[in-house]
Number of protein chains: 2
Amino acid sequence: MIPELSPISMPRVPVEVLRARCSTCSMHQLCLPMGLDVGDMDKLDQIIGRRRRVLRGATLFRIGDPFVNLYAIRLGHFKTYQINPGGEEQITGFQMAGELLGMDAISADRHHCNAVALEDSDVCEIPFSSLEQLLGEMPTLLRHFHRMMSQEITREQSVMLLLGNMQATQRFAAFIVNLASRYEARGYSGVKFQLRMSREEIGNYLGLTIESISRLLSKFKKEGWLRVSNREIEILNPVMLKAITAGTGDACA
Amino acid sequence: MIPELSPISMPRVPVEVLRARCSTCSMHQLCLPMGLDVGDMDKLDQIIGRRRRVLRGATLFRIGDPFVNLYAIRLGHFKTYQINPGGEEQITGFQMAGELLGMDAISADRHHCNAVALEDSDVCEIPFSSLEQLLGEMPTLLRHFHRMMSQEITREQSVMLLLGNMQATQRFAAFIVNLASRYEARGYSGVKFQLRMSREEIGNYLGLTIESISRLLSKFKKEGWLRVSNREIEILNPVMLKAITAGTGDACA
DNA sequence: CGAGCAATTGAGTACACTCAACGCGCGTGG
DNA sequence: CCACGCGCGTTGAGTGTACTCAATTGCTCG
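Since we're looking at a predicted model, the values are computed, not measured. (Residues numbered from 1 in each chain as written. Chains lettered and ligands numbered in written order. Predicted model: local features only at pLDDT ≥ 70, side-chain atom pairs only at ≥ 80, totals over all residues. Heavy atoms only, no water.)

### Things to note about the protein's contact with DNA strand C
Note the following rule: Residues are counted as near a molecule or strand when any one of their heavy atoms sits within 4 Å of it. Each polar contact in these results corresponds to two N or O atoms within 3.5 Å; when the atoms are within protein, one needs to be able to donate a hydrogen and the other to accept it, and residues that are neighboring in sequence are counted only if both atoms are side-chain atoms. Per the convention used, a helix needs a DSSP run of H or I reaching at least four residues, while a strand needs a run of E reaching at least two, with both numbered from the N terminus. Charged means Asp, Glu, Lys or Arg here, nonpolar means Ala, Val, Leu, Ile, Met, Phe, Trp, Tyr, Cys or Pro, and polar covers whatever is left, Gly included.
The environment of DNA strand C is formed by 15 residues, the closest being Ser214(A), Arg215(A), Ser218(A), Ala168(B) and Ser212(B). The sugar-phosphate share of atoms of DNA strand C within 4 Å of the protein amounts to 61%. One nitrogen or oxygen atom from the side chain of Arg215(A) is found 2.9 Å from a base nitrogen belonging to DNA strand C. At the level of secondary structure, the elements contributing two or more residues to the surface near DNA strand C comprise helix 7 (210–222) of chain A together with helix 7 (210–222) of chain B. When residues in the surface near DNA strand C are grouped by element, the largest group, four residues, is from helix 7 of chain A. Here the residues of the surface near DNA strand C are counted per class, giving two nonpolar, seven polar and six charged.

Below you can see the structure in the form of structure tokens.
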């Protein structure tokens, strides 16, 4: 079994179905509780706030900002990171279209991390107070929301496993496998995709240096497991990558 | 600022007040929403299930168990850990009296980690389906529950920061400082306390080996920052420990 | 075309790991 | 009562993986 790094993995639902069901916020996770009837879906639709464009490199929210909205990513990619007292950042996750941002802010009514767009992106604002009110009226939505928060907890536990237990090669393989599975779950190719983040950001996330990431990419290329061209990735040997991720791959050497 | 590792830090409320307000489950976090009126508190009280004793080394729940209850720790300490594909464990947290276990299980209706008592402990079972129903009726409780889940997310992010960014010395200092602050917040001494976990468990949690932990303890002792006797810890230089945790301490060498 | 940034590659180093021996406390059994 | 074994923790010596520092290449964009 592959350690599930995937933030809030998404059930496989055809995109068209989602679009049809949720006009303003199609494709993001809050719209997935399939038990919702049309009326409920409308109510959910109505509280969704304005759409907002976030340009590459721009900050969606930062540490200490008052917590007002959750954000559903409609399009694009984000990174979230914390700042340690020394001023260095630690990336805590990469989020893609369909995922939800800001759940860590509920606890203290302030954001606990920074969220920055890795490319030009679109988000929907979801006013949390409205959402919470709605949750009280719609048990199905409530259940779903709890699932999503719980999945975020689970995802982070997997990252702890990665950072606490794995060697560099294994970490990197796990990272690639995780990205692939998330793209696949979203209807994109799980074999060929673009890295939206820099080598430095990958290294930061995985607790490694940029040089290590570079060497790992070279190695994976040389071994014939990956085709790499700048940020374009093609997985040539998924079985091997999964084996390494699982710690089974003796080829970790 | 000290990286907040504390799982679900607890507001400072005198224990007696809590006991007075919540008969069966006094002292755990679910009983803390101070906005609850007496009637609501009674309702919450009524859904709390049976108490259960978990002996040292015994398992409260394990990976794959169907998710039925959350558990409020009334007394004692637990560890939660994941198992990687190679069969090794990675400890994801240490929990003490007043904290809540099992929130990672909501997402998939199965537990995602194992929970084992570090000493003879008491827990309250909280049937999640009853709780969720109640959440729909009690906005204050709903809010509080979301805060708790969010705090768990925040806590794990801090551990990611620790594992991804910090050196051994800093990790260990952060660990001690975190424990101290949690004990203090609970009304115990934040200066002198007992480690409930073995060196091996600390090392596992911090992504270090047992030997490294042992050496760090010796070093901290030699430097005069800690008094150490087996599992008994006394903090002699809290300022220095906090400085190291913050990365300010040049004495990291 | 050139400036500037991102990524690669190489050489040397250091921090934490591995392996191994030893000490200590404690419970058990002779 | 002491001897012994066992688990847990400490300490030392040597090693290796990933880091640091540095030089070079390649890409992007003005």
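### With respect to the interface of chain A and chain B
What counts is decided by this rule: Contacts are assigned to residue pairs with any non-hydrogen atoms lying within 4.5 Å of each other. Simply put, the buried area is the total loss of 1.4 Å probe accessible area from both parts when two parts are fitted together. We define a salt bridge as a side-chain nitrogen of Lys or Arg found within 4 Å of a carboxyl oxygen belonging to Asp or Glu.
Every contact between the two is made by 46 residues of chain A and, on the other side, 46 residues of chain B. Summed over both sides, the interface of chain A with chain B buries roughly 4200 Å², with 57% coming from carbon and sulfur. The tally of links from chain A across to chain B stands at six salt bridges. We note a salt bridge from Arg143(A) to Asp109(B), for which the minimum N-O separation is 3.2 Å. Viewed at the interface, chain B and chain A are joined by 26 residue pairs in polar contact (both at pLDDT 80 or more). Counting residues per element, the ones that place at least two in the side of chain A that touches chain B are strand 5 (89–96), helix 3 (128–137) and helix 4 (139–165) of chain A.

### Brief notes about the sheet that holds strand 7 (residues 114–117) of chain B
Test applied: In this scheme, strands are said to pair when DSSP sees at least two bridges between them. Note on geometry: axes are C-alpha line fits, over the in-contact stretch for helices, and angles between N-to-C directions span 0 to 180 degrees.
Judged by pairing direction, the sheet is antiparallel, and its four strands sit side by side in the order 2-7-4-5 (chain B) without closing on themselves. The two strands at the open ends of the sheet, each matched to only one other strand, are strand 2 (59–61) and strand 5 (89–96) of chain B. Averaged over all pairs of adjacent strands, the angle between their axes in this sheet comes to 30°, without regard to strand direction. Relative to strand 7 of chain B, strand 2 of chain B runs antiparallel, the two being bridged by two bridges. Of the residues in strand 7 of chain B, the one forming a bridge with Phe61(B) is Ala115(B). Its contacts with the sheet place helix 4 of chain A against strand 4 (77–83) and strand 5 of chain B, and it is angled at close to 120° to strand 5 of chain B.

### With respect to the UniProt feature "domain: HTH crp-type" (unreviewed entry) in chain A
Note the cut-off: UniProt positions are given in the numbering used here, feature names are shortened, and annotations may be inferred rather than shown by experiment.
Here the UniProt-annotated "domain: HTH crp-type" (unreviewed entry) positions come out as residues 166–239 of chain A. Helix makes up 55% of residues 166–239 of chain A and strand 15%, with an end-to-end C-alpha separation of 18 Å.

### Describing the relation of the copies chain A and chain B
Mapping between the two chain copies consists of a rotation about an axis together with a translation along that axis. Selection criterion: In superposing the copies, a least-squares fit is computed on C-alpha atoms, taking residues whose pLDDT is at least 70 in both.
Each copy superposes on the other: chain A lies on chain B with an RMSD of 0.0 Å after a rotation of 180° and an axial shift of 0.0 Å. One copy is carried onto the other by what is essentially a two-fold rotation axis. Taking the C-alpha atom as reference, chain A places Gly136(A) closest to the rotation axis, 2.2 Å from it. Of the residues that chain A buries at the interface, 100% are likewise interface residues in chain B, meaning the two copies contact each other through the same surface.

### Regarding the protein's contact with DNA strand D
Every one of the 16 residues lining DNA strand D counts as a neighbour, but Ala168(A), Ser212(A), Ser214(B), Arg215(B) and Ser218(B) are closest to it. By atom count, sugar and phosphate contribute 62% of the portion of DNA strand D lying within 4 Å of the protein. Contacts to DNA strand D include Ser214(B), whose side-chain N or O atom sits 2.8 Å from a phosphate oxygen. Considering every element that reaches the surface near DNA strand D, the biggest residue donor is helix 7 of chain B, with four residues. A class-by-class count of the residues in the surface near DNA strand D yields two nonpolar, eight polar and six charged.

### Structural notes on the packing of aromatic side chains
Using the following cut-off: Ring pairs are drawn from Phe, Tyr and Trp, using the six-membered ring of Trp, whenever the two centres fall within 6.5 Å, and their geometry is named by plane angle: stacked under 30 degrees, edge-to-face over 60, tilted for the rest.
In total, this model carries 20 aromatic pairs over all chains according to the counting rule given. Here the aromatic cluster, defined as three or more aromatic residues joined through ring pairs, consists of Phe67(A), Phe128(A) and Phe145(A).

### A few points about the environment of Lys219(A)
Examined against the element boundaries, Lys219(A) turns out to sit in helix 7. Between the C-alpha atom of Lys219(A) and that of Tyr188(A), which follows or precedes it by 31 residues, the distance is 26 Å.

### A word on the side chain of Gln90(B)
Position of Gln90(B) among the secondary structure elements: in strand 5. Discounting residues that sit within four places of it in the chain, Gln90(B) has contacts with Met160(A), Leu161(A), Gly164(A), Asn165(A), Thr80(B), Tyr81(B), Gln82(B), Asn204(B) and Tyr205(B).

### Structural notes on the environment of Ser218(B)
Let me state the cut-off plainly: Partly exposed residues are those whose accessible area sits between 20% and 50% of the maximum for their type, while under 20% is buried and over 50% is exposed, using a 1.4 Å probe and protein chains only.
Relative to the elements of secondary structure, Ser218(B) occurs in helix 7. Overall, the relative accessible area of 41% leaves Ser218(B) in the partly exposed class.

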